[in-house]
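# Structure assessment
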Amino acid sequence: MSIKSDGLEEAVESVKAKKSEERMVPTICSLCGPMPGCGLNCYVKDGRLIRVEGMKEAPTNKGTLCPKAFASVQWVYSPQRLRYPLKRVGKKGEGKFKRITWDEALDTIASRLSELKEKHGPESLAILAPARRSYSDYLQRFLIAHGSPNYGHSGLCFIQAAFGFAYTLGWPWLNRVGADYEHANLIVVWGANPVYSAAPLGNLRRILDAKERGARLMVIKPEMQPDAAKADIWVPIRPGTDGALALAMLNVIINENLYDEDFISRWCYGFDKLVPHIQKYTPEWAEPITGLPADQIREIAGLYGTMKPACILAGNAFDQTADSNNAVRAVAILIAITGNLDRPGGNIVPTGSNMPEVKSVHLRERYTQDFVDRLVGPEIASCFQPFMEGTTSAYYRCLDSVLTREPYPVRAIIAPGTQPTVITRGSKRVVEALEKLEFFVVIDVMQNSSMPWADVVVPVATMYECDHPFEVMDNWIMARNKVIEPLGDYKSDYEFWLDLAVKMGYGEDFWDGNIEKCMNYQLENFGMTIEELRAHPTGIIYEPKPMVYEKYEKIFATPSTRFSRAPYLPQGKVAIYNTTFEENGFNPLPEWVEPPESPTATPELLARYPLVFFDAHTSDVYNQGWLRNVPYLREIQPDPWIHIHPETAKARGIENGDWVIVESPHGWIKVKALYFDGIRPDVVMGLHGWWQGCDELGLPGYPILDGGANVNVMYSTDPDKAFDPMVTAMPKQTLVEVRKA
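Note that this is a predicted model, so its numbers are computed, not measured. (Residues numbered from 1 in each chain as written. Predicted model: local features only at pLDDT ≥ 70, side-chain atom pairs only at ≥ 80, totals over all residues. Heavy atoms only, no water.)

## Topic: the overall build of the protein chain
Under the convention used in this document: Working definition: helices are DSSP H or I runs of at least four residues, strands are E runs of at least two. Numbering for both runs from the N terminus. C-alpha atoms define the radius of gyration in this analysis, and the globule rule sets the expected value at 2.2 Å times the number of residues to the power 0.38. Relative accessibility thresholds used throughout: buried, under 20% of the residue-type maximum; exposed, over 50%; partly exposed, between the two (1.4 Å probe, protein chains only). In what follows, a contact means two residues having at least one pair of non-hydrogen atoms within 4.5 Å. Each accessible area is a Shrake-Rupley estimate made with a 1.4 Å probe; only the visible protein chains count as cover when residues are assessed. Positive charges are assigned to Lys and Arg, negative charges to Asp and Glu, while His and the chain termini are left out of the count. Working definition for charges: the position is that of NZ of Lys, CZ of Arg, CG of Asp or CD of Glu.
From N to C terminus, the protein chain includes 26 helices and 26 strands. Taking 741 residues into account, the globule formula puts the C-alpha radius of gyration at 27 Å, and the protein chain, at 26 Å, falls close to it. The dimensions of the protein chain, computed from C-alpha atoms along their principal axes, are 80 × 70 × 60 Å. By residue count, 62% of the 741 residues in the protein chain fall in the buried class. Contacts in the protein chain between residues far apart in sequence, at least 24 positions, make up 74% of those at least 6 positions apart. For the protein chain, the exposed surface amounts to about 27,100 Å²; the carbon and sulfur share of it is 50%. For the protein chain, the centre of its 77 positive side-chain charges and the centre of its 92 negative side-chain charges are spaced 2 Å apart.

## Some details on the state of the cysteines
In plain terms, the rule: The definition used for a disulfide is geometric: two cysteine sulfur atoms within 2.5 Å.
What the rule picks out here adds up to zero disulfides. Free cysteine Cys 383: the closest other cysteine sulfur is in Cys 398, separated by 18 Å.

## Observations regarding the pattern of salt bridges
Worth spelling out the cut-off: Here a salt bridge means any side-chain nitrogen of Lys or Arg lying within 4 Å of a carboxyl oxygen belonging to Asp or Glu.
Applying the stated criterion across every chain yields a total of 38 salt bridges. For Arg 112, the salt bridge is made with Glu 115, and the minimal N-O distance between the two is 3.1 Å. Residue Arg 112 and its partner Glu 115 are both found in helix 4 (residues 102-120); the two are separated by three residues, about one turn of the helix. When salt bridges with common partners are traced through the structure, they connect Arg 88, Lys 92 and Asp 455 into a single cluster.

## Here we look at the environment of Gly 95
Within the secondary structure, Gly 95 sits in the loop between strand 4 (86-88) and strand 5 (97-99). When the C-alpha positions of Gly 95 and Met 451 are compared, they lie 6.8 Å apart, and in sequence the two are 356 residues distant.

## Some remarks on the packing of helix 10 (residues 242-255) against helix 13 (residues 283-290)
To be explicit about the condition: Here an axis means a line fitted to C-alpha atoms, over the contact stretch when the element is a helix, while the angle between two N-to-C directions is reported on a 0 to 180 degree scale. In what follows, roughly perpendicular refers to angles from 65 to 115 degrees, roughly parallel to angles under 35, roughly antiparallel to angles over 145, and oblique to any angle outside these ranges. Left-handed describes a crossing whose near helix is turned anticlockwise from the far helix through less than a right angle; right-handed describes the clockwise counterpart. Residue type decides the class: Asp, Glu, Lys and Arg count as charged, Ala, Val, Leu, Ile, Met, Phe, Trp, Tyr, Cys and Pro as nonpolar, and the leftover types, Gly among them, as polar.
In contact at an axis separation of 9 Å, helix 10 and helix 13 are set at 160 degrees when each is read in the N-to-C sense. Comparing their axes, helix 13 and helix 10 come out roughly antiparallel. Regarding helix 10 and helix 13, the two cross each other, and that crossing is left-handed. In this structure, helix 10 uses Ala 244, Leu 245, Leu 247, Ala 248, Asn 251 and Val 252 to contact helix 13, whose residues at the interface are Pro 283, Trp 285, Ala 286, Ile 289 and Thr 290. Residue composition of the contact of helix 10 with helix 13, grouped by class: nine nonpolar, two polar and no charged.

Here you go:
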């Protein structure tokens, strides 16, 4: 077959003509979360978004994107988009609403919040935190202006590990951005997912580049995800037992003298107390708990202790266990005593850039001790509040107070960009609380799983439909640009809080509702306005400061976020033995705490529930509890699933692709069984967040309680077992049985 040259030229000219009709608008993606980071070039034709591509000028993603971003067009124009505000007309849970206007929605919310504040006090309001967004501080600002401390943070992500690193090593970000892959001889990916979590932002590329130059890669996780498949050593730990492994590694490193004696003598406090304490945590003790042979524990501890420099990427697995704070502290101590802290190739504290500081919209200066004392369910123990995001009650405990009425019931909840019915543990208990809650507001871009219980539903703009705010990532600042006009009667998340504040009489604290004045306030240190920033289409990149290592005096003097601003480390050294914890009634040295259910914690359950279940929050195409309604993504992963070892499945008469029942002591789900050789035979893994249907493909949604695919019905919420007492971390491990449906 041949094409005449004039025909080819005509086709080329046609393509050029079509492209000439397109308009390109640069902006920033926020489909992954928790923070926006990837630069996007968006192409618009006839007022409609038609495609996106990665922005090569963006220092974060450098032109690369993930499947979620490429599916943006379908997400924006989904038939499940919310187009106008709604007010409930049926019973709670029925999902019957009538259309109202934006102003009617604001008037209704302002009236009810004012009424409840007058009758029950300002703390009767809680706002449930979404994954961290640039509007998160607006939520805090509103609560402070209103007088409530109850910012309901998740108890599942980041803050828990950040707390342990802050109070052990002096800097809360070490668990996320402090791994110096470029100079490491050994990289340990521990309970993290660098392939599916923000892969375009470069961590995975840095790890693979380091491996190509000769660094060894050790991956500690129950399943062989793609990073583990590239590893020199995969350590298939039993879910929820990372703390036990870390303690046993400390035992080996101390007893085999693999520690850095000079660093310990100069910069560590309490090593002499750790040595006798750690003797009981032998590899043989850890073997039945972790499911790892004692010899393998000795091997990996020896490698970490001798292959210097070495760095650790500690992931969300550490935020999602009842042993969270102990586990984090044990890992932090491993980093310190091996001399891998703030040295080339270790876990480092970056020196930052020359970029000015953005002025926060938070109102931290208004915090008082009374504010902390009125928390309905402190996420971080009250004596350590406020922490990084301000005062926080635990997300689940805000909801549970509706039922327990302890210490008082929350009476109004606003849920912006978050779905309590599928996001937190104990979905049955959550639904019960929503049934009894006096006033519930849902704010989202899409129909979501918690909407049926809402009194008011407020739609908000996607990042493609607004020109604010600006976004900051490391040393890069860029204005968000509106790509298309809003598709319905709504404004942005940011404008919602400004508008509501004005309705409530808090306008003086909210720039009288003017979003441009708000952004100009935040940019004052830059000496420019938002319009002047917008003159830089791909943002401004500031030069990094030269890296300086071994900044110990500065790091160990970092002031805490508590009222006193006392340093995280009172001795000016690594807090191996933590006197601050001891003074406040908590264990000064890390210990082992069993999960609510496990082979060693509850052996009596094994006859009925012989397998360990855990879940992942992110896959290659989905993020938490949304995006299953997007056809491009749903085609890749059409059904809810578990990964199960073929031998485990065959022993139960389960074939690859069979629908199965997964049952725990707390609930059950129905999903597809997918054979996966790269998982422990005693473990099955599910994916968090299933409930949405996909209209375009005719694929169903799923119930959020028993019989659906929502993993959060599976876990314990026993107040005596299922919460880390210091940081309210909640476990994502339990015992189950799997049978063919």
